[in-house]
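# What the coordinates show
Now for the letters of each chain:
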Amino acid sequence: MKEANMELQEIDIYIEKDGQVRIEVRGVKGQSCIDLTKALEDILGGEIESREMTADSYENAEDFVLSQQRSR
Amino acid sequence: MSHFTTIRTQITDPDALVKALADVGFDQVEVHQSAQHLYGYQGDQRSQTAEVIVRRQHIGRASNDIGFTRRDDGTFEAIISEYDRKKYSRQWLDRLTQRYAYHAAVAKLEEQGFTLNTEEVQEGGRIHLVLRRMA
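Residues numbered from 1 in each chain as written. Chains lettered and ligands numbered in written order. Predicted model: local features only at pLDDT ≥ 70, side-chain atom pairs only at ≥ 80, totals over all residues. Heavy atoms only, no water.

What follows is about the packing of helix H1 (residues 14-23) of chain B against helix H2 (residues 90-111) of chain B. Residues and elements named next belong to chain B. For the pair H1 and H2, interaxial distance at closest approach is 8 Å and the crossing angle is 125 degrees. Regarding the angle of H1 to H2, the classification is oblique. Here H1 and H2 pass one another in a crossing that is right-handed. Here H1 contributes Ala16, Leu17, Lys19, Ala20, Leu21 and Asp23 to the contact with H2, which in turn contributes Trp92, Arg95, Leu96, Arg99, Tyr100, His103 and Ala104. (Axes fitted to C-alpha atoms, helices over the stretch in contact; angles between N-to-C directions. Helix = DSSP H or I, 4+ residues; strand = E, 2+ residues; numbered from the N terminus. Parallel < 35°, antiparallel > 145°, perpendicular 65-115°, else oblique. Left-handed = near helix turned anticlockwise from the far one by under 90°. Contact = heavy atoms within 4.5 Å.)

A word on the layout of surface pockets. All names here are of chain B. Each pocket or cavity is described by its volume, and for the largest pocket that value is around 330 Å³. Only strand S5 (76-79) and H2 provide two or more residues apiece to the lining of the largest pocket. Taken together, the residues of the lining of the largest pocket sort by class into seven nonpolar, five polar and eight charged. (1 Å grid on protein atoms, 1.4 Å probe; cavity = no way out; pocket = protein on both sides within 12 Å on 5 of 7 lines; lining within 4 Å. Points joined across faces, edges and corners; volume = space filled by probe spheres on them. Nonpolar A, V, L, I, M, F, W, Y, C, P; charged D, E, K, R; others polar.)

What follows deals with the environment of Glu77 of chain B. Residues and elements named next belong to chain B. Here Glu77 is to be found in strand S5. C-alpha of Glu77 to C-alpha of Val130: the two residues are 53 residues apart in sequence and 29 Å apart in space. With residues near it in sequence (within four places) discarded, Glu77 still touches Gly67, Phe68, Thr69 and Arg71.

Glancing now at H2 of chain B. All names here are of chain B. Taking 1.5 Å of rise per residue, 22 residues should cover 32 Å, and H2 covers 31 Å from first to last C-alpha, within 8% of that figure. The buried count for H2 comes to 16 of 22 residues, which makes it a mostly enclosed element. Following H2 by one or two positions, Gly113 adopts a phi angle in the positive range, close to 90 degrees. (Expected span 1.5 Å × (residues − 1). Buried < 20%, exposed > 50% of the residue type's maximum accessible area, 1.4 Å probe, protein only.)

Right, let's get into the interface of chain B and chain A. With 38 residues of chain B at the interface, the matching set in chain A holds 47 residues. Both sides together, the interface formed by chain B and chain A hides about 4400 Å², and carbon and sulfur atoms give 54% of it. Connecting chain B to chain A are four salt bridges. Applying the counting criterion to the chain B and chain A interface returns 28 residue pairs in polar contact (both at pLDDT 80 or more). Where the side of chain B that touches chain A is concerned, the elements lending two or more residues are strand S1 (2-7), H2 and strand S7 (127-134) of chain B. Here the side of chain B that touches chain A is composed, by residue class, of 16 nonpolar, 14 polar and eight charged. As defined by bridge partners, strand S2 (residues 21-26) of chain A adjoins S1 of chain B across five bridges and the pair is classed as antiparallel. In the sheet register, Ile23 of chain A faces S1 of chain B, and the bridge partner there is Thr5 of chain B. (Buried area = accessible area lost by both parts, 1.4 Å probe. Salt bridge = Lys/Arg side-chain N within 4 Å of Asp/Glu carboxyl O. Polar contact = N/O pair within 3.5 Å; in protein donor to acceptor, adjacent residues only side chain to side chain. Pairing = 2+ DSSP bridges.)

This part covers the sheet that holds S5 of chain B. Residue and element names in this part refer to chain B. Taken together, the four strands give an open sheet; going across it, the order is S2-S3-S4-S5, and neighbouring strands pair in antiparallel fashion. What marks the edges here is a single partner per strand, and that holds for strand S2 (30-39) and S5. In this sheet, neighbouring strand axes are inclined to one another by 45 degrees on average, regardless of whether the strands run parallel or antiparallel. Sheet analysis places strand S4 (residues 66-70) next to S5, joined by four bridges and oriented antiparallel. Counterpart to Arg70 in the pairing with S5 is Phe76. Taken strand by strand, H1 contacts S2, strand S3 (45-54), S4 and S5, and its axis lies near 90 degrees from that of S3.

Here we come to the nonpolar core. The tendency in soluble globular proteins is for nonpolar side chains to be buried side by side. With 40 residues, the main nonpolar core has Ile13 and Leu44 of chain A together with Leu21, Phe68, Trp92 and Tyr100 of chain B as its most contacted residues. Listed by contribution, the elements that provide at least two residues to this core are strand S1 (8-15), S2 and helix H1 (32-43) of chain A together with H1, S3, S4, H2 and S7 of chain B. At ten residues, H2 of chain B tops the list of elements feeding residues into this core. Ignoring anything within four residues of it in the chain, the contact list for Ile13 of chain A reads Val21, Arg22 and Leu40 of chain A together with Ala105, Leu109, Ile127, His128, Leu129 and Leu131 of chain B. (Core = buried A, V, L, I, M, F, W, Y, C linked by side-chain atoms within 4.5 Å.)

In structure tokens, the structure reads:
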């Protein structure tokens, strides 16, 4: 049941008029959350102004996967 | 885990830069592996060199070449003459950078299996993109 373990990963990107970019990643478990956007940050020059991290959506991601399984 | 990251965009990728230049009206752009000289409006060779060049004939009669030269850290710096800075101002560079960020972000995430789900221009000119993948 490989499919049941798959998760929907979503990235929101906001690009300001001056080119400043805000990247929001939700629903990605563990360290892969940071790995996911490394290449993206590099191509944008890698000059990070701020980074906030929250653990809560780890649970959210779990909930999402569980509710998907239940609906099958 | 969620994270929110804010980045001051710097141009690093020539392909995305070429697409951004097309968005602001320049579809004739030279991309070189090694930096080439820029030329002034009288056809005079300038000391400045650049890897990505918009030649003056695509800009305006009294214009000089506009170049983007790669710095040691891999980011590109715009070379715009004082004359051309009236039109190709800080504001123009900001808009170019916004278009660069758009093309660079979409291309990089598509490489990683994401697809562009929605895209909108919000009030004030901010672009909002949503990209998704199953993994």
